[in-house]
Amino acid sequence: MAARKKRVSKPKSVKVGVQDIDIVYSGEYSDAIVTYEPMVQGKLVPELKVIHVYEHNNEDMTKNTILHETMHAIDQFMNTGLSEEQILQLTNGLILVGRNNKDFFKYIFCMEE
Ligand SMILES: [Zn+2]
């Protein structure tokens, strides 16, 4: 029987530079998203150091949202001033490259097997 791969659970936080940013998902407390911006998939609230993520039935979209909001956090931390469109496209590009180059990312980030 083939060994089942261990599934990595959804991140509860992400460290960006010196900041620890909490990640909360819809169903936990996402009133801020749902109430004020119904079309928004996620939101970085830098002053609270929190990323709100609306969870999709499509897990890939949830993952994209997590990375997208993290890219906003990186943008703020690095003071690059990227546009929404640049964040969107860089996120999509990073996911595209990441999915097709697992060994590359293991090497770059020194991930253990
Ligand atoms: Zn955005």
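About the cut-offs
- Residues numbered from 1 in each chain as written.
- Predicted model: local features only at pLDDT ≥ 70, side-chain atom pairs only at ≥ 80, totals over all residues.
- Helix = DSSP H or I, 4+ residues; strand = E, 2+ residues; numbered from the N terminus.
- Buried ≥ 20, exposed ≤ 12 C-beta atoms within 10 Å, placed from the backbone.
- Contact = placed C-beta atoms within 7 Å.
- Pairing = 2+ DSSP bridges.
- Axes fitted to C-alpha atoms, helices over the stretch in contact; angles between N-to-C directions.

Caption draft 1: View of the overall build of the protein. For the protein, the helix and strand inventory stands at 4 helices and 4 strands. Mapped in sequence order, the helices and strands of the protein form the string β-β-α-β-β-α-α-α. Considering the protein as a whole, with its 113 residues, one finds that 14% of them fall into the buried category. For the protein, the share of sequence-separated contacts (at least 6 apart) that also reach a separation of at least 24 residues comes to 47%.

Caption draft 2: Up close: the sheet that holds strand S3 (residues 42-45). Here we have 4 strands laid out as an open sheet, ordered S1-S2-S4-S3, and mixed in their pairing. Across the chains shown, the open sheet's two edge strands, defined by having one partner strand only, are strand S1 (13-16) and S3. Strand-to-strand twist across the sheet, computed as the mean angle between neighbouring axes with direction ignored, equals 20°. Taken together, the 4 bridges between S1 and strand S2 (residues 19-25) define a ladder with antiparallel strand orientation. Looking at the pairing, Ser13 lines up with Asp22 of S2. Against the sheet, helix H2 (residues 59-78) touches S1, S2, S3 and strand S4 (50-53), its axis set at about 25° to S3.

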